[in-house]
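# Summary of structural features
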Number of protein chains: 2
Amino acid sequence: MSEIKEFESVDSALHQLPKDDYERVKKILYGNDTHEISIPEESKEMASKYNIELISCGFNCKEEQLRSPKVVRIALFQHKLVPFPTTTPIQEMKYALFKFANKAIRIAARAGVNIFCFPETWNMPYAFCTREKTPWCEYAENAQFGPTTKMLQELASIHNMVIISPILERDEIHNDSVWNTAVVIDNHGDYLGKHRKNHIPRSADFSEPIYYVEGNTGHPVFETEFGKIAVCFGRHHPLDWLVFGLNGAELVFCPAAAAGVTSEPLWSIESRNAALTNNYFTCAVNRVGIEVFENEFSTGDGKQPHRESEYFYGSSFVTAPNGTRSPGLSRTKNGLLIAEMDLNLCRQVKDQWGFQMAQRLDIYAECLSKATKPDFVPHIIRKACKPFSTL
Amino acid sequence: MSEIKEFESVDSALHQLPKDDYERVKKILYGNDTHEISIPEESKEMASKYNIELISCGFNCKEEQLRSPKVVRIALFQHKLVPFPTTTPIQEMKYALFKFANKAIRIAARAGVNIFCFPETWNMPYAFCTREKTPWCEYAENAQFGPTTKMLQELASIHNMVIISPILERDEIHNDSVWNTAVVIDNHGDYLGKHRKNHIPRSADFSEPIYYVEGNTGHPVFETEFGKIAVCFGRHHPLDWLVFGLNGAELVFCPAAAAGVTSEPLWSIESRNAALTNNYFTCAVNRVGIEVFENEFSTGDGKQPHRESEYFYGSSFVTAPNGTRSPGLSRTKNGLLIAEMDLNLCRQVKDQWGFQMAQRLDIYAECLSKATKPDFVPHIIRKACKPFSTL
C-alpha cells in the first residue's frame, strides 16, 4: 500500500475519463454544478511561491425576495509539519508553524476570505500515537491567553477575518487539565469562545484518551459577522453533528487529523452526510503528510513498532446543505481551499426537502433516554414459541 | 440531463481508468478489498434468460476463537414495472410482478441466499407523485393476510429464505388507515412482523404525506435464524438508523424509491454513513426505471405538468460495518445483488473502533429533549457588549 501515499487525489485521477463520462461521474459523485470564483493573481502567486496548492469553488444559491444574500468566503488550510522534525524544540516548532500560517492567512486575506480554519492540533505534531507525555503535553496552551491565540488575534484583526484554531488546551483553572479544543477568534481579533472535542477516539494510533477526556462545552454555535458557525470534531458521530444543527449552525467546521487506509474511505462520507441531513455547510479540514517520531511506538495492531505516523491524507473539502461538494485538496500537499457560499442556501434546502419537519426528535429523545439505562431492553421481535401440540 | 438516464453506472465508467489508478480510486471510494463468491451456473443462466443483471460480492471478516462464523447471503432485487403500464388493472399488475419476483427469488435460492429484499412498495407503481387516490389506494393490502404476503410466505417456506416485502399496507382494524410498511416473513414462511416507515418525505414528487403518516411501530429488530435484521426507510435521518443499531441490528435493509438528479448524489452517502457509524451492514435497494402515468401531474417545481416519474436510478448496494461497500447494480436495469457476509464483523469493528464507547447517548437524550420544547433556546455564543468607557 505504500504507493497509495503518493497518489495525488481521486479528483485528478477522474480527469482521465472521457469528458462525457467524467461529467456524469462527477454529477453522481459530487452533486450539483458549482461555479468558479475569482481569486486575485496576487493570491495565486503567493500560493505558488510558498508551495501551497490553491483550489477554489463557489456554490450556487437562489436569490430571495425578502432576505439579502449572505455571501461568505471560507478557507481551509491543510499543512505538514515538514520540514520541521518532531524533535524540534517547542518554541521553535510553534514559531515555524506560525510563520507558515501567516503566509496562508495572507493568501486568504488577499482573496477576500472571511473565515479561516486550521486542522486539528495544528500547531504541533499529532503525537498522541506515541502515548508519551513528554514533551507533548508541554504544547498545551491556555485557549484564551496562550501564544497561538495571541498571534492569531493580531492576524484576525489585521485581516478582518474570523479564525478557528484547534489546539491542545491547558486549563490551569481546572487543575491543569488538558483538552482537545478549537478556539474561535472573531474578525476584530477578539476571543469569542472555545469548543472542546466531544467524542474522543479510542483506536489504532488515535490514543487520545491517554491525554484528555470528552469535552464539557456542549454544542455551542458562535454568532459571527459572517454567519453562525460551529466546530464539530465528532465526524464519526451523527449526534454531534445533529446538535450543532439544532443550535442553528450554518457552517460547521470539522478539523481533523485523519490518517491511514482504514480511515480514508470514510472521509468523503461523514461530513457530507452531516451537511445533507442537517442542511448546513460542512468544512472538513485535515492534516497532511507523515510525521516521524524519535522513539519507536507500537500501534496495537500486532505489527512491529515503528517511528512513522500513518499518512494524513489531506483531501480537505466543503459540502453544501444539499450534499453538493467541492473538489478536494490533494492527498499529499500543503493546500488552501477557498470556497464561497450564500448561507441563505441552508434555509432554502430546508424549505425544499423538509427533513426538519419529519425529524420526530421527541421519539428519539425518549429512545436515547431508554437506551442509556442499565436495564434497557432492546426492541426485538422473535417468533412466539408454538405451544406443544396435544397428542 | 436526459442522457444521464442512459448512463450505466459510476462503477462501469471507472473501469476505463488505467488499472493502477482504478485500484487506488476504488480503494479510496469503496474501502477494503472484497472477495468473489461462487454463484452456481444455474443462477447465472436464469438471470441472463430473464434479463436480470446479477452481481455478487463477499465481505472479508476475521475468524474468532470463541464465536463460530455467522455467514449469511442476502439478495437485493431492483426491478422495473415495465413492460406493464401503470394503467394495468391491479390484479393483473400484481400477478405480473409476482411472476417476476418468483423468478428472482428462484435465482437467489439456487445461489444459497438466506435473506431477500425488495424495494419500497415493490408490488405497485410508485404513484404518490400523482397525488391521485384512485386507483392507488386500492393497492394497499393487509400486512399479515394480504395476497402479496401469502404469495411470499409460500416462496419463503419452499426456499428456506427470509423475505422482506415493502408494500402499501391497509390496516382495517384501525379505521382503514394506509401505511408504508415492510413485512418480514421468516424462512419457515411464517409472518414475523412488520415495520412502518418512520419518516415521511415531503418534497418534489414524494407526496407521501397525502397518503399516509409517520409510522407507529418504533424501531423493531427481527431476530431470524440468519441474524438480527431491521428495515430502515429513513435514509435521510441518522436517528432512524441509530436506533436500529441500539436495538441490536446486524443487517439493516433500506428499501427505497429514490429518483432524480437531486437525490442521486445522496444515495451512496447515507446508508454508507449509517453502516460505518453504527457498525452494522446496510443494504440499500432501490427501484429502477421510469414510470409513466395516465394523467398529467405537476411536481411543485414550477415546471410543466407531465406524465413521467423522475427516473429511479437503481444502484442498489451493500455496505459493511467498517464502511467498505460492494459494487452497485446498474442505474438502468433490473438486477439482483447477492452479497455474502459474516455478521461477526459487526462486533469486530465495534471492538476495533470503539465508537459505541464514545457515543455519550446520555447527553444527547437531554439535548433532544430540550430541542423539542416550544421554549427551546439554542446554545449560541455572542460577543458580550463592551461596557461604555467612562470618559
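Residues numbered from 1 in each chain as written. Chains lettered and ligands numbered in written order. Predicted model: local features only at pLDDT ≥ 70, side-chain atom pairs only at ≥ 80, totals over all residues. Heavy atoms only, no water.

For chain A, the name recorded in an unreviewed UniProt entry is Beta-ureidopropionase, with Acanthoscelides obtectus as its organism. Under the Pathway (unreviewed entry) heading, UniProt states for chain A: "Amino-acid biosynthesis; beta-alanine biosynthesis." Note on chain A: under the UniProt heading Sequence similarities (unreviewed entry), the record states "Belongs to the carbon-nitrogen hydrolase superfamily. BUP family." (UniProt positions renumbered as here; feature names shortened; annotations may be inferred.)

### Notes on the overall build of chain A
Of the regular secondary structure elements, chain A holds nine helices and 17 strands. Taking 2.2 N^0.38 as the reference for a compact globule, 391 residues should give roughly 21 Å; the C-alpha atoms of chain A span a radius of gyration of 22 Å, in line with that estimate. Burial status across chain A gives 61% buried among its 391 residues. In chain A, the proportion of contacts linking residues at least 24 apart, taken out of those at least 6 apart, comes to 71%. (Helix = DSSP H or I, 4+ residues; strand = E, 2+ residues; numbered from the N terminus. Rg over C-alpha atoms; globule rule 2.2 N^0.38 Å. Buried < 20%, exposed > 50% of the residue type's maximum accessible area, 1.4 Å probe, protein only. Contact = heavy atoms within 4.5 Å.)

### Describing the nonpolar core
If you look at the biggest cluster of nonpolar residues, it comprises 98 residues, and the most contacted ones within it are I74 and L251 of chain A together with I74 and L251 of chain B. Membership of the second largest hydrophobic core comes to 57 residues, among which are L81, A108, I185 and Y212 of chain A. (Core = buried A, V, L, I, M, F, W, Y, C linked by side-chain atoms within 4.5 Å.)

### Details of helix 5 (residues 147–159) of chain A
Residues and elements named next belong to chain A. With 13 residues, helix 5 should reach 18 Å at 1.5 Å per residue; the first-to-last C-alpha distance of 19 Å fits that figure. Inspection of helix 5 places T148, T149, M151, L152, Q153, L155, A156 and H159 among the buried residues, and these make up the whole buried set. Where helix 5 terminates, the next one or two residues include N160, which has phi positive at roughly 55 degrees. (Expected span 1.5 Å × (residues − 1).)

### With respect to the sheet that holds strand 15 (residues 317–319) of chain B
The strands making up a sheet associate through backbone hydrogen bonding, with each pair oriented either parallel or antiparallel. What the six strands build is an open sheet, ordered 17(A)-7(B)-8(B)-9(B)-10(B)-15(B); its pairing is mixed. Unpaired on one side and paired on the other, strand 17 (380–381) of chain A together with strand 15 of chain B mark the two borders of the sheet. Bridge count between strand 8 (residues 227–231) of chain B and strand 9 (residues 251–256) of chain B: three bridges; the pairing is parallel. Across the sheet, A230 of chain B pairs through a bridge with V252 of chain B, a residue of strand 9 of chain B. Contacting strand 9, strand 10 (281–286) and strand 15 of chain B, helix 7 (residues 264–278) of chain B runs over the sheet at an angle of about 155 degrees to strand 10 of chain B. (Pairing = 2+ DSSP bridges. Axes fitted to C-alpha atoms, helices over the stretch in contact; angles between N-to-C directions.)

### Looking at helix 6 (residues 238–246) of chain B
Count 3.6 residues to each turn of an α-helix, and residues three or four apart come out pointing the same way. All names here are of chain B. Counting buried positions over the nine residues of helix 6 gives seven, a clear majority of the element. Listing the buried residues of helix 6 in full gives L239, D240, W241, L242, V243, F244 and L246. Downstream of helix 6 by one or two residues, G248 has phi in the positive range, about 95 degrees.

### What about the packing of aromatic side chains?
Within this structure, the stated rule accounts for 36 aromatic pairs over all chains. Consider the rings of W136 of chain A and Y139 of chain A, whose centres lie 6.3 Å apart with planes at 15 degrees: the pair is stacked. Look at W136 of chain A and you get buried, because its relative accessible area is 5%. A relative accessible area of 1% means that Y139 of chain A is categorised as buried. Judged by centre distance (6.2 Å) and plane angle (40 degrees), the ring pair of F98 of chain B and W122 of chain B falls under tilted. Residue F98 of chain B is located in helix 4 (residues 90–110), and its partner W122 of chain B is located in the loop between strand 3 (115–117) and helix 5 (147–159); the two are separated by 24 residues in the primary sequence. (Phe/Tyr/Trp six-rings, centres within 6.5 Å; stacked < 30°, edge-to-face > 60°.)

### Description of the sheet that holds strand 10 (residues 281–286) of chain A
Taken in spatial order, the six strands line up as 15(A)-10(A)-9(A)-8(A)-7(A)-17(B) in an open sheet, and their pairing is mixed. Each having just a single partner strand, strand 15 (317–319) of chain A together with strand 17 (380–381) of chain B make up the two edges of the open sheet. Across six bridges, strand 9 (residues 251–256) of chain A lies against strand 10 of chain A in parallel orientation. Across the sheet, residue L251 of chain A finds its bridge partner in strand 10 of chain A, namely F281 of chain A. The strands that helix 6 (residues 238–246) of chain A touches are strand 7 (221–224), strand 8 (227–231), strand 9 and strand 10 of chain A; relative to strand 9 of chain A, the one it contacts most, it runs at about 150 degrees. In this fold helix 7 (residues 264–278) of chain A packs onto strand 9, strand 10 and strand 15 of chain A, with an angle of close to 155 degrees to the strand it touches most, strand 10 of chain A.

### Side note on the interface of chain A and chain B
Taken together, the contact between chain A and chain B spans 85 residues of the former and 85 residues of the latter. Regarding the contact of chain A and chain B, the summed buried area is about 7,800 Å², with carbon and sulfur atoms giving 67% of it. By the criterion of area lost to chain B, the three top residues of chain A are I28, Y364 and I381 of chain A, representing 9% of everything that side buries. Applying the counting rule to chain A against chain B returns six salt bridges. Along the contact surface separating chain A from chain B lie 28 residue pairs in polar contact (both at pLDDT 80 or more). When the residues that make up the side of chain A that touches chain B are grouped by side-chain class, the tally is 41 nonpolar, 24 polar and 20 charged. Where strand 7 of chain A meets strand 17 of chain B, two bridges bridge the pair, whose relative direction is parallel. (Buried area = accessible area lost by both parts, 1.4 Å probe. Salt bridge = Lys/Arg side-chain N within 4 Å of Asp/Glu carboxyl O. Polar contact = N/O pair within 3.5 Å; in protein donor to acceptor, adjacent residues only side chain to side chain. Nonpolar A, V, L, I, M, F, W, Y, C, P; charged D, E, K, R; others polar.)

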